[in-house]
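Analysis of the macromolecular model
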Amino acid sequence: MSLSLPKPMRLPSLILLALVMTLVFGPMIMSADPISISVKDRMALPSWSHWLGQDEFGRDRLARVLYGGRVSLTVAFLASVIACVVGTLFGLIGAYFRGPFEFVTMRLSDVVLCFPPILLALLVVTLFGPGVTTLVAVLSVLYFPAFARIAFSEALRVAALDFVEAARALGAAPRRIVLRTVLPNILGPISVQFSLTAAASITIESGLSFLGLGVVPPAPSWGQMIRGARAFMNQDPTGILVPCAALTLTIWSINFFCDRLRDTLDPKHGESAGKDEIAKARADAAAAAAGPAQILDADVVAQVKDLRLALPRPEGPLALIDGVTLTLRQNECTALVGESGSGKSLTSLALMGLLPSAIRPAGGRILIHRKTGGTVDLATLGERETEDLRGNDVAMIFQEPMTSLNPIHRIGAQMIEAIRAHKAISAEEARARAVELLDLVGIPEAGRRIDSYPHELSGGMRQRVMIAMALSGEPKLMIADEPTTALDVTIQAEIVELLQRLRQEYAAGMSLLFISHNLGIVAEIADQIAVMYAGEVVEQGPAAEVLATPHHPYTRALLDSMPSAHEDLHSSRGDRLAAIAGTPARPEARPSGCAFRDRCPQARPCCAESRPELYPTGTRAARCFFAPGADQPQEREAGA
Amino acid sequence: MTSYVLRRLTTALVMLWVVGTIVFSVLLIVPGDPAELLLTTGGADASTDAVENLRKKMGLDRPVAEQYVSFLADTARFDFGDSLIDGTPISETIALRLPRTLELIAVSMVVALALAIPAGTYAGLNAGKRFDRAASAVNALFTSIPGFVSGTLFIYLFAQVLRILPAGGYVAFAQDPWMHVQMLILPTVTVALHLMTIIFRMTRASVLEMRAHDWVRTGIAKGLRRRQVVRRHILRNALGPVITVVGLQLGILLGSTVLVEFVYNWPGLSGFLVSSVQQRDYPSVRAVILTVAAIFIAINFLVEVAYSLLDPRIRLT
Amino acid sequence: MTALLEVSDLSKAYPVGRRGLFRRRTMQALAGVSLSIAPGEVLGLVGESGSGKSTIGKAVLRLIEPETGSIRFDGRDLRALSTEELRAARKDMQIIFQDPYASLDPRKTVRAALAEALDTHGLHTGQRRTPRLNELVQMVGLSPQALDRRPHEFSGGQRQRIGIARALAVEPRFIVADEAVSALDVSIQAQILNLLADLRARTGISILFISHDLSVVRFISDRVMVLYLGRVMELGPADRIHFAPRHPYTAALVSAEPSLAPRQARIRLTGEIPSPMNPPSGCVFRTRCPYALPECAQAVPALRPAGEGQLTACIRDDILS
């Protein structure tokens, strides 16, 4: 069992196990009696027969600590088990039947939450008098609503998942669904709550005993030991230190276990969570050493040169982006096309200096032509300079308009802050400018809508707000990362049209980098196209030419697999789409040589030997040995 | 907004009534005669006279409905009857002692917020780095020390070994301001330490969660300064969950300060409560618990209103 | 040919937001939808978000309860079945979901998930179990080694295949494919579409294919139904709907579809999709329709024949012909 434990769980499990074993079996193997009094040995120092000395009544302290711990653990364990079983049952019943069961479950826990736990315990103790039974009863009543609440909300969450629906659709019996499908999937949060409850129970039990209202003397308990030794702390500090340490160690080891358990079950709680753009940007010393940025052609807005990005791993860096070169020109829309995992989004984030901190640049440079004139290498810029560049020279809109705006600020405030980040103007002027921009992107009644919160707008409207915000710095380059993917078809068409119109009418000369997996949209908007596969550009050139006569087998296969490109085909007539076999290679499992060869219908032995270059022909280029402009494939074949 | 506040207010009042009813009916659901139960100590049966006497005193001889109505009416007028032990009006005792408890909690809360929010934010922004790892480890340790344990240890350290602070007690501020402050220090540190662990943890988790949201990336992409992004797009959003937890903790704190007050002989509600429990003075215990629950409900109402000011989406629910 | 599934006048409203003291606001997800599917037929259901297409998919399987309407499957009234009878009837009708990450229980191996399906209806027990499981995974293009792995070890496309295998395990006669290819990459989407087309050709299974992607629906379906705000706008043979739409909404949808081939001018819609909580009177599409007349607000237009097997819910004949 312990061998199959995930690594982070091993240490806490071991500590907890050792502690429980000591408290359970310790008293069995020792001879000292925790309650026999020996007045002449009051507060005796540790000796061979009494390892931790004797207390204010001359009782053996080690025996008292061990027996006391046993009582604490028993109370905590019993109370947690009862609370857990009853609460989980309540929660599941509430979640399954809803209606009145839901009401009772939820309200009951609301009411119990109104009473600070220790007060409720005191109320009951007043009526029934102190004692172990009372404690267990009180603690289970106190904590079962928490279990009910967690079981309820987790069960609802799990029940909404498709696999539970699938079980219903299969005709499985409700009892079976609850026990076999829902329950196993909510055990994680419940076990976390169990450890929390155990720790809290020990705290309350010892607290009550400390007040003299918990475990009844002469039965030993840690709280009582502290209470008794308090009066003599001057003469005999061990008297308070020993039970204090035992109590703290016990609670700590349960908490430690609980923390690790939570991290293991829900990685979001762990440190690895989060996109790390907020971590301070560091100027890359290596890139700075590479010399001054080159001068770009006058019409080039930005250039990505041989970009390489990697994920550092113990066994060596994992290449995610492998030598991508892109030239973005004024007044041109370049589309970056590829499937998920092709690296198109990473490339665009790199252009904004927005890479997750886990990913390291491994080579290449990103040059940006600034509005103020002059060319900069993104990697050499400090934090301030990068901030000045973002939103000002290069702006970006994202895929999810629903989550890209901060829900707690009005859209006006979010726009004004963007405008004032780069222009020293008053808030009133910025507001007037924001209204102008909202009007420009087609938001009706912009003067009124500016005071809306994001949740008051539809997805299409929010994406318009994002576009208006991106335009506010009058950037030379706008990056749009799948800006229409989350939108309905008719809204998508409107947004594409808006971007086209803005490029022509408003920001004349602005370069647009449009990232998409949808070749149909790309055909409508793009002048240039770059197709990415497995972290490389495999084909690039003027959009119309690439889409009409693709040179790379991947581009061709992508076009062939699109139903919208084959309106003459129909499944009922026996037609099938020309699908690409297999799945895109994951970064850790890319084949040698050409990354596409294991899915390529034209692959030959030579494709496995070396990686093809991006062979240029005229305005186009393709990364294939059999593309026009490549070295003679026949010769290679003969040589192989 | 107004309708949201009104709805929350209604909920709070209903809760208050439910809590009162539950506290009232506890006496009805205990097995046997509550008066007899209260007088039973260590298996020794109480005399019939004493039981009869107590029944009369607590009004248990009247019909339940009548008891209930007069209980609600009295409670609403802040009249909890007289103590069973010395016959003094309970509301007077509470009025005298409650401010002392509130003072302790308020000062501790201010201290805890002032330290834990910046620390939690910094740890959340630098998760996994050295500061975060150290702070989280220290936090985990302090989370595991119950207030009465740290209180006892503090007394030993500061009052017995170092002899720089009094071991406990209370002097009214008006009487001796300097002594009052000195006596306040250790209880405050004890309560604040406990609070800090919770606020730190929550702030850190909340910041960690918020910073992964898409709008943070939008903020950076707009070219905002790092400080602005942190303040407006991470902290402002993280504050909602944090104040909710603070509100909840304030309530729990009202209970757990019982132990801290007891440790330091701070004459707040706790001494009264503990002696009432020991002497099984049910009306007094009931009064303290009702007061605390009422304060708790009021705090939560305020927290909900504050949260809705921070996050407009809340008002819709 | 008698229909396998015959649905008439299906309506469903969801309560939304907070419950007022006296009134309860509702969102009309479906209003009077009728449809039928013949054995071996693929009926496509297209519409934008809020059109009610997923609601239909779940309602015909009685995974959600419609307010009104009748659902007859193979001549039996599904809504009249008892809970037990319904559970037995589920053997004949299955569903494939959109999100390949949520549709498989992360704790169950493929073998356990498929075995659960077989156990539920007592199929292929004992000796015949293993050959059947091998056959199932091979049918969806996976190797038998896949049986002992858990969902997280598979890619999105492979998970979708497992979801299809689970649905096929009980040998249903009818499958609802609810946005079954929408979350997949283009190259994988084509694989799954081909798989579904092959299955239909080989087993004669009927499919209710729900998608927001008009070209995908056109390729896979025999007939297509276009929905808007819970109402049927148009119904007809797939190619007719795509190449000769008779309803302005269908026409707008087709023209908005991104396409490699240059198309004639796009039909622009104005304004936003109205809230389903407060749909327009008369024709629900009139607020965005470029051809709307005052009469459109008067009454809800009924579906009427428009030639070539097409039905349209538009009162105008003088447009789009």
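Residue positions are given per chain, counting from 1 as you read along its sequence in written order. Each chain is given a letter, starting from A, and each ligand a number, starting from 1, according to the order in which they appear as written. Selection of residues for local features in this predicted model requires a pLDDT of at least 70, selection of side-chain atom pairs for listing and counting requires 80 or more, and totals for whole chains, interfaces and linings are taken over all residues. The side-chain figures draw on all heavy atoms in the structure; neither hydrogens nor water molecules are used.

1. Here's the deal with the sheet that holds strand β5 (residues 76–77) of chain C
Residue and element names in this part refer to chain C. Threshold: Strands are labelled as partners when DSSP assigns at least two bridges between them. Secondary structure elements are defined from DSSP: runs of H or I of at least 4 residues count as helices, runs of E of at least 2 residues count as strands, and each element is numbered from the N terminus.
Taking strand neighbours across the sheet as the criterion, the 4 strands line up as β2-β1-β4-β5 in an open arrangement whose pairing is antiparallel. A strand with exactly one partner marks an edge of an open sheet, and here the two such strands are β2 (26–37) and β5. Looking at chain direction, strand β4 (residues 68–73) and β5 are connected through 2 bridges and run antiparallel. Along β5, the bridge assignment pairs R72 with D77.

2. Describing the side chain of S103 of chain C
How we decide: The contact criterion used is simple: two residues touch if any of their non-hydrogen atoms lie within 4.5 Å.
Among the secondary structure elements, S103 of chain C is positioned in the loop between β6 (93–96) and α3 (110–120). Look past the residues within four positions of S103 of chain C in its chain and what remains in contact with it is D162 and F163 of chain A together with F97 and R166 of chain C.

3. Remarks on the interface of chain A and chain B
By a widely used convention, the size of an interface equals the accessible area lost when the partners come together. Going by this rule: Criterion for a salt bridge: a side-chain nitrogen of Lys or Arg within 4 Å of a carboxyl oxygen of Asp or Glu. Polarity classes work like this: nonpolar for Ala, Val, Leu, Ile, Met, Phe, Trp, Tyr, Cys and Pro, charged for Asp, Glu, Lys and Arg, and polar for all others, with Gly in that last group.
Across the contact, 80 residues belong to chain A and 79 residues belong to chain B. Put simply, chain A and chain B have 5 salt bridges between them. A salt bridge links D259 of chain A to R201 of chain B; the shortest N-O distance between them is 2.6 Å. Considering each element in turn, the side of chain A that touches chain B owes the most residues, 10 residues, to helix α9 (residues 238–265) of chain A. Classifying every residue of the side of chain A that touches chain B gives 43 nonpolar, 20 polar and 17 charged.

4. What to know about the domain arrangement of chain B
All names here are of chain B. Defined as follows: An automatic or database domain assignment provides the domain bounds reported here. Note on definitions: buried area is the accessible-area loss of two parts on being combined, 1.4 Å probe, summed for both.
Along its sequence, chain B is organised into domain 1 (2–76) and domain 2 (90–316). Here the C-alpha centre of domain 2 lies 31 Å away from the C-alpha centre of domain 1. The interface of domain 1 with domain 2 comprises 20 residues on the first partner and 14 residues on the second. Counting the surface lost from both domain 1 and domain 2, the interface buries some 1,600 Å², and carbon and sulfur atoms represent 75% of this. Contact with domain 2 buries surface across domain 1, with Y4, V23 and L38 losing the most and accounting together for 34% of the total. For the interface between domain 1 and domain 2, the tally reads 1 salt bridge.

5. Considerations on the sheet that holds strand β12 (residues 620–622) of chain A
Residues and elements named next belong to chain A. Basically, it comes down to this: Axis definition: a line fitted to C-alpha atoms, over the contacting stretch in the case of helices. Angles run 0 to 180 degrees between N-to-C directions.
Taking strand neighbours across the sheet as the criterion, the 8 strands line up as β6-β7-β8-β3-β9-β10-β12-β11 in an open arrangement whose pairing is mixed. At either end of the open sheet lies a strand with only one pairing partner, and these are β6 (394–397) and β11 (615–617). Averaged over all pairs of adjacent strands, the angle between their axes in this sheet comes to 20°, without regard to strand direction. As defined by bridge partners, β6 adjoins strand β7 (residues 477–481) across 4 bridges and the pair is classed as parallel. Paired with I397 across the bridge in β7 is A480. Seen against the sheet, helix α17 (residues 459–471) touches β6 and β7 and runs at an angle of roughly 175° to β6.

6. Quick word on a nonpolar patch on the surface
Under the convention used in this document: To count toward a patch, a residue needs a relative accessible area above 30% and no salt bridge. Like charges then connect within 9 Å, nonpolar side chains (Val, Leu, Ile, Met, Phe, Trp, Tyr) within 5 Å. Here, Shrake-Rupley sampling with a 1.4 Å probe gives the accessible areas, and only protein chains in the shown set may cover a residue.
Together, F77, L78, V81, I82, V85, V86, F90, F103, V104 and L108 of chain A line one region of the surface with nonpolar side chains, adding up to about 820 Å² of accessible area. For the nonpolar patch, the elements supplying multiple residues, two or more each, are α2 (61–97) and α3 (99–114) of chain A.

7. Observations concerning the interface of chain A and chain C
The following threshold applies: Polar contacts here mean pairs of N or O atoms no more than 3.5 Å apart (in protein, one a potential hydrogen donor and the other a potential acceptor; neighbouring residues in sequence count only if both atoms are side-chain atoms).
Listed as interface residues are 62 residues of chain A and, on the opposing side, 65 residues of chain C. Note on chain A versus chain C: buried area summed over both sides is about 5,300 Å², and carbon and sulfur give 53% of it. Viewed at the interface, chain C and chain A are joined by 4 salt bridges. Here R268 of chain C ties to E497 of chain A by a salt bridge, and the two come within 2.9 Å at their closest N and O atoms. Run the count over chain A and chain C and you get 34 residue pairs in polar contact (both at pLDDT 80 or more). Mapped by element, the contributors of at least two residues to the side of chain A that touches chain C are α6 (162–170), α7 (174–210), α18 (489–506), α19 (519–525) and α21 (553–560) of chain A. Across the side of chain A that touches chain C, the residue classes tally to 28 nonpolar, 18 polar and 16 charged.

8. Let's talk about the nonpolar core
The test is simple: By nonpolar core we mean a set of buried residues, namely Ala, Val, Leu, Ile, Met, Phe, Trp, Tyr and Cys, connected to one another through side-chain atoms within 4.5 Å. For the exposure calls, accessible area comes from a 1.4 Å probe over protein chains only, and a residue counts as buried if that area is under 20% of its type's maximum, exposed if over 50%, partly exposed in between.
I94 and Y282 of chain B are the most contacted members of the largest nonpolar core, which has 153 residues in total. Contact partners of Y282 of chain B, with chain neighbours within four places excluded, come to L123, T126 and L127 of chain A together with V23, V26, L27, L38, M58 and L84 of chain B. Ranked by size, the runner-up nonpolar core spans 117 residues in total, among them L307, L457, M562 and A595 of chain A.

9. Some words on unusual backbone geometry
In this structure, E474 of chain A takes a positive phi of about 50° despite not being glycine. Turning to its location among the elements, E474 of chain A is positioned in the loop between α17 and β7. Residue E308 of chain C is not a glycine yet carries a positive backbone phi of 55°. Residue placement: E308 of chain C occurs in the loop between β11 (304–305) and β12 (311–312).

10. Considering the packing of aromatic side chains
All names here are of chain B. Stated precisely, the cut-off is as follows: Classification of ring pairs uses Phe, Tyr and Trp, with its six-membered ring standing for Trp, and accepts pairs whose centres are within 6.5 Å; under 30 degrees between planes counts as stacked, over 60 as edge-to-face, and the remaining range as tilted.
In this structure the tally under the stated criterion is 19 aromatic pairs over all chains. Judged by centre distance (4.9 Å) and plane angle (90°), the rings of Y170 and W266 are edge-to-face. In this pair, Y170 is assigned in the loop between α7 (147–161) and α8 (177–210) and W266 in the loop between α10 (226–264) and α11 (269–278), connecting sequence segments 96 residues apart. What makes Y170 partly exposed here is its relative accessible area of 26%. A residue is classified by how much of its surface remains accessible, and W266, at 2% relative accessible area, is buried.

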